[in-house]
Amino acid sequence: MPHPSHHESLPEGIEVLRWPHRHPLPEKEIAAFFDSRSLASTRWSNGPGDVYAVHSHSYQKTLFCVKGSITFSLPDLKQNIALGAGDRLILPPATRHGAVVGAEGVTCIEAGE
């Protein structure tokens, strides 16, 4: 069944898809998303307030916030993107970004292509 999600297109090919429901996005749907694209995903968690310094990747990064929250900074665009449970972020290759984990910590599933 399709979900009435909210899609945000940002500059430089960055995409955010907001999860509109109160119930969590089932991890089996996230796994199916990555499997359908033949991508190997990684699940990771961080504690409240953890910080990722600004960096970039040579690949497109697709990330789902499964639980908690995380705010990505995009210094070259002078923009921040806050993600909550169920939200998806796509960052094109070479997009400089950093991140700060929210007050309740975060769990994410991501893959690169």
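Residues numbered from 1 in each chain as written. Predicted model: local features only at pLDDT ≥ 70, side-chain atom pairs only at ≥ 80, totals over all residues. Heavy atoms only, no water.

**Q** Can you walk me through the overall build of the chain in this structure?
**A** In terms of regular secondary structure, the chain is built from 1 helix and 8 strands. For the chain, the succession of helices and strands along the chain, N to C, is β-β-α-β-β-β-β-β-β. Each of the 113 residues in the chain was classed as buried or not, and the buried ones make up 41%. Residue pairs at least 24 apart in sequence account for 72% of intrachain contacts in the chain once pairs closer than 6 positions are excluded. For the chain, the accessible surface area stands at approximately 6,200 Å², while carbon and sulfur atoms represent 53% of it. Counting 10 positive and 12 negative side-chain charges, the chain places the averaged centre of each group 3 Å from the other. (Helix = DSSP H or I, 4+ residues; strand = E, 2+ residues; numbered from the N terminus. Buried < 20%, exposed > 50% of the residue type's maximum accessible area, 1.4 Å probe, protein only. Contact = heavy atoms within 4.5 Å. Areas by Shrake-Rupley, 256 points an atom, 1.4 Å probe, with all protein chains shown as cover. Lys, Arg positive; Asp, Glu negative; His and termini not counted. Charge placed at Lys NZ, Arg CZ, Asp CG, Glu CD.)

**Q** Could you clarify how one ought to interpret the pairing of strand E2 (residues 15-18) in this entry?
**A** The side chains of a regular strand alternate, residue by residue, between the two faces of the sheet. Burial along E2 is one-sided: the face carrying Val 16 and Arg 18 is buried and the face carrying Glu 15 and Leu 17 is not. Two strands pair when backbone bridges link them, and E2 and strand E7 (residues 88-91) are joined in this way by 3 bridges, in the antiparallel orientation. Bridged to Glu 15 within E7 is Ile 90. (Pairing = 2+ DSSP bridges.)

**Q** Explanation requested: the environment of Gly 49 in the structure shown.
**A** Locating Gly 49 in the fold gives a position in the loop between strand E3 (42-46) and strand E4 (51-55). Distance in space between the C-alpha atoms of Gly 49 and Gly 102 is 5.9 Å, their sequence separation being 53 residues. Here Gly 49 is in contact with Val 100, Val 101 and Gly 102, once residues within four sequence places are set aside.

**Q** Is there a simple way to explain the environment of Ala 111 in this structure?
**A** Considering the arrangement of structural elements, one finds Ala 111 in strand E8 (residues 97-112). On a C-alpha basis, the gap between Ala 111 and Tyr 59 in space is 9.4 Å, while along the polypeptide they are 52 residues apart. Residues within four places of Ala 111 in sequence aside, it is in contact with Phe 34, Leu 39, Ala 40, Ser 41, Gln 60, Lys 61 and Thr 62.

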